[in-house]
Amino acid sequence: MKKKTDNKPNVGKSDIPNKVMTAIKGETVHFIIGLLCVIFGVYMLLAFSSFFFTGGNDQSILSHPNPGELLETGNRIQNYAGARGAQLSQFLINDCFGISAYFIIAFLIVAGMKLMKAYEFNLWKWFVSCTALMIWFSITLGFAFGGVLEDSFLYPGGLHGYNVSQWICSQVGAPGLILILLVTGILIGVFFTKGTIDVVRKAFRPSLPRRNKEKDENKDSETLSDKQESPAEYQEKNNKETKNEPVENAVSEQTDETDTYEDSKPVEIELEPVETTAPLQVETSKPISNKETTPAPVETNKEEEDENEYSEPAFEINNERKEEDEEYRGNINQPYNPRLDLEHYKFPTLDLLNSYGDHEPTIDMEEQNANKNRIIQVLRSFGIEISSIKASVGPTITLYEITPAEGVRISKIRNLEDDIALSLSALGIRIIAPIPGKGTIGIEVPNANPRIVPMSSILASKKFQETTFDLPVALGKTITNEVFMVDLTKAPHMLVAGATGQGKSVGLNAIVTSLLYKKHPSELKFVIIDPKKVEFAIYAPIEKHFLAKLPDASDAIITDVSKVVQTLNSLCVEMDTRYDLLRKAGCRNIKEYNAKFTSRQLNPENGHRFMPYIVIIIDEFGDLIMTAGKEVELPICRIAQLARAVGIHAIIATQRPTTNIITGTIKANFPARVAFRVASMMDSRTILDRPGAQQLIGKGDMLYLQGNDPVRVQCAFVDTPEVEKIAEYISHQQGYPTAFILPEYVDENAESSSAADVDMNRLDPLFEEAARLVIYHQQGSTSLIQRKFSIGYNRAGRIMDQLERAGIVGPANGSKARDVLCMDENDLDMRLNNLKNQ
Ligand SMILES: Nc1ncnc2c1ncn2[C@@H]1O[C@H](COP(=O)(O)OP(=O)(O)OP(=O)(O)O)[C@@H](O)[C@H]1O
């Protein structure tokens, strides 16, 4: 990928080949070539068609033209496409392939359309098909008409067809040739559609019922003609065909050709440190080609069944229906398919997302050279010599990798961070000294013209399409333009922090979107907690497909703090239940359990069920901790510590990554951290355990940490209208009758408070401390208890009720604090003793 630059002084010119190369790979050039192909195809169509009427007359002129005649304006050629059109037709039709030369035109137009990106075609399949058909028809016509049509100038099979058929005849005789043509014709037909097999079978035995008629039609539609559909239509059909095949198949069919996969390899430039005017050689990699993914064959068993049926024709129809019914509902002998409940569910399509213009890597050589020179100068001015410098141009950041000359101390360069930033007059400079695993030093410099990384480009990438991750989360692109993805099951919980307006919500939407594009509603449920009430309301329409809620909740998106506590505790109950099931099944994790369940080794009558993954998303976690304190923190920590194995994963986001919000326990249990730009170095240390996040440039620029070293990533951009479209697309499809219902959570504290009427021994553990607090302050205030003990309003309210029943505070007093009926701690001790002796 890297090319060393020429070290010659006169270098401006070497940019030219680079520019030409970049231009050739550009969309504009593709478009122009495509347009030329289409125009040439239309010209050939005119020439060929005209040839049938004018060919006889033109042939005599073409075969014996007067010298220079064809170049003259007044030549006697009658073909509408002129002398060249006549020559071309004469050559391709009569001298080569006969009438089947029309397949050349078909291929030219198709290739043109594809290059212009007007339609999606599988060019390779078209090429093979057109070539095979052209040769086959040419030989067949050559054989059938034996050369020239009677009384005509036209060779229907062309000279090729005539000569080849004659030669084959001489070798195997006319019957042999007919057989060869028949066999090759059937093979070509099978190449187009497997339906041909049925047709052949039926030809042998006309009484056979035509099986999978619908399927055949669909398959037929995969042939040449239907490829002309728009990508969206084609993908829709594809989805229908593969039923619940995840989007990867659907999309990879749609993006069948090489250039729709968006993965691009790093764009790297090698920069020469000494010659400040040194040329830069850029090498952009070719897009990675995509192999056609064929939907898994569904018919293997059916074909066997067919064979059985053939011996029992009387029962054919009945048997057939019965089998299809069984397959539809999930045959007990076949693996359980959780997707069957919503078997017609279609995964969201890529056309729901915007492409945000040209996002291909472009390199501003002027900017790169200027930055390189400034870095070299500033280092030189501090007495640091370097032996080489290399740049990797990312979507928003360029990484300059410097190899210092021998004897230069790394710490010396690290200390110059501010000086380099000053000399480049840019924000967001980050120095990585040394780059882990390399003996170089990295200087990250923001690009003058940052590019958006559209979510569509990430989801269309080969890496995402072919991922084997269980919960693939596509976050964006790295500095080397590689798609950056993590498996949430391995994360297994994620902490997202960033000051307001730096891309947190977009990041969370990107996470949810990538999961929605890969997971079926039966495999994944979200619990969304949105104290801001507006950020996640867009997901409300997919409640019956992808959301989970409490049994009595009206909305699945949780905005009320008291419901948050209940939901989190309910998730703990779900977690415990899942652990019990895992234990009973003798499995160590959800994957093993689900595999056992789908292979029907676990009996649903014993409580076993297919377990969808549950992803909990909590926005504004800081707010929650401020209002509900330990009540929220405790279940979160339980989930974070234990839930990984049972497929429950949490992603919490906060604007304020301070230590009282992201406590030690939370940090310890959330190993994956995403930091957008934060306000201070302290905040960066809280979230990442190191500085760096305060130097990011915002707008989705982020650091991802899992393990030792953070990776700088430009977050994929997905806008609210795009998410709305996805939600709408999903919501219009059949869903479950309700959202996924979480188990009921019985609040033990609430029970004790009602029991407190009769049994004051079952008091809240904080009761005594709370009593002392109100006596000390002589103020019966619920919010005081809430604040001092960092507990939620509900619990504080219950403690206050218990204090009232114990006669320590008076009844509620409107908005004012309650009266405190105990004078001092002695008085309190007496009352508490009385209560305990009751
Ligand atoms: N990945 C991205 N690429 C390009 N622009 C982005 C990206 N992420 C965010 N932005 C820009 O930044 C703006 C603010 O982003 P976002 O709403 O996600 O911020 P936020 O951190 O969630 O703010 P708040 O905490 O106030 O909700 C967006 O409207 C968009 O213009």
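Residues numbered from 1 in each chain as written. Predicted model: local features only at pLDDT ≥ 70, side-chain atom pairs only at ≥ 80, totals over all residues.

As recorded in an unreviewed UniProt entry, the protein chain goes by the name DNA translocase FtsK, listed as coming from Phocaeicola coprocola. Looking at the protein chain in UniProt, the text filed under Sequence similarities (unreviewed entry) is "Belongs to the FtsK/SpoIIIE/SftA family." A UniProt comment under Subcellular location (unreviewed entry) is attached to the protein chain, and it reads "Cell membrane". (UniProt positions renumbered as here; feature names shortened; annotations may be inferred.)

1. What about the UniProt feature "transmembrane region" (unreviewed entry) in the protein chain?
When the UniProt feature table is mapped onto this chain numbering, "transmembrane region" (unreviewed entry) sits at residues 29-53, 91-111, 123-145 and 165-192. The span residues 123-145 is 100% helix and 0% strand, and its two end C-alpha atoms sit 32 Å from each other. (Helix = DSSP H or I, 4+ residues; strand = E, 2+ residues; numbered from the N terminus.)

2. A look at helix H26 (residues 720-731)
Here H26 contains twelve residues, and its C-alpha end-to-end distance of 16 Å stays within 8% of the 16 Å for a straight helix at 1.5 Å per residue. Residues of H26 that are buried include every one of Val723, Ile726, Ala727 and Ile730, and no others. Each buried residue of H26 sits inside an arc of 95° when the element is viewed along its axis, so together they form one side. Where H26 is buried, its residues meet helix H18 (504-516) and helix H19 (543-546). (Expected span 1.5 Å × (residues − 1). Buried ≥ 20, exposed ≤ 12 C-beta atoms within 10 Å, placed from the backbone. Arc of directions from axis to C-beta. Contact = placed C-beta atoms within 7 Å.)

3. A word on the site of the ligand
Around the ligand there are 14 residues in total, and Gly503, Lys504, Ser505, Val506 and Gly700 lie nearest to it. No other element matches H18, which puts three residues into the shell around the ligand. When the residues that make up the shell around the ligand are grouped by side-chain class, the tally is four nonpolar, eight polar and two charged. (Near = placed C-beta within 6 Å. Nonpolar A, V, L, I, M, F, W, Y, C, P; charged D, E, K, R; others polar.)

4. Thoughts on the environment of Ala433
Position of Ala433 relative to the elements: it lies in the loop between strand E5 (430-432) and strand E6 (441-446). The class for Ala433 is partly exposed, based on 19 C-beta atoms found within 10 Å. Sequence-wise, Ala433 and Glu401 are 32 residues apart; in three dimensions their C-alpha atoms are separated by 9.9 Å. Once you skip the residues sitting within four places of it in the chain, Ala433 turns out to touch Ile410, Ile413, Arg414 and Ile441.

5. A few points about the sheet that holds strand E15 (residues 701-705)
Taken together, the nine strands give an open sheet; going across it, the order is E8-E7-E16-E15-E14-E9-E13-E12-E10, and neighbouring strands pair in mixed fashion. Because the sheet does not close on itself, it has two edges, and the strands there are strand E8 (483-487) and strand E10 (524-529). Looking at each pair of strands side by side, their axes are set apart by 30° on average, direction ignored. One ladder, built from four bridges, connects strand E9 (residues 494-497) with strand E13 (residues 648-654); its direction is parallel. Paired with Met494 across the two strands is Ile651, which belongs to E13. Strand contacts of H18: strand E7 (472-478), E9, E10, strand E12 (613-618), E13, strand E14 (672-675), E15 and strand E16 (711-715), with the helix running at about 130° to E7, the strand carrying the most contacts. (Pairing = 2+ DSSP bridges. Axes fitted to C-alpha atoms, helices over the stretch in contact; angles between N-to-C directions.)

6. Topic: helix H2 (residues 27-63)
Here H2 is 37 residues long, yet its end C-alpha atoms lie only 43 Å apart, well below the 54 Å a rise of 1.5 Å per residue gives. Roughly 80° is the biggest bend found in H2, and it falls at Thr54. Among the residues of H2, those classed as buried are Cys37, Gly41, Met44, Ala47, Phe48, Phe51, Thr54, Gly55, Asp58 and Leu62. Contact partners of the buried residues in H2: helix H3 (82-97) and helix H4 (102-115). (Bend = angle between axes of the 7 residues up to and from the residue.)

7. Topic: the packing of helix H20 (residues 561-585) against helix H22 (residues 621-628)
Where H20 meets H22, the axes come as close as 10 Å, and the angle between the chain directions of the two elements is 95°. Of the possible angle classes, the one that applies to H20 and H22 is roughly perpendicular. Listed contacts from H22 to Val561, Val564 and Val565 of H20 are Leu624, Thr627 and Ala628. Looking at the contact of H20 with H22 residue by residue, the class counts come to five nonpolar, one polar and no charged. (Parallel < 35°, antiparallel > 145°, perpendicular 65-115°, else oblique.)

8. Some points on the environment of Asn834
Relative to the helices and strands, Asn834 is located in helix H31 (residues 825-837). The exposure class of Asn834 is exposed, given the 12 C-beta atoms found within 10 Å. Remark: the alpha-carbon pair of Asn834 and Ala806, spanning 28 residues in sequence, is separated by 9.8 Å.

9. Brief notes about unusual backbone geometry
Residue Pro492 is bonded to the preceding Ala491 through a cis peptide linkage, with omega at -20°. For Pro492, the location among the structural elements is in the loop between E8 and E9. The phi angle at Arg600 is positive, at roughly 60°, despite the residue not being glycine. Taking the C-beta count within 10 Å as the criterion, Arg600 has 14 such neighbours and is therefore assigned partly exposed. Its identity as a non-glycine residue notwithstanding, Ser790 has a phi of 50°, on the positive side.

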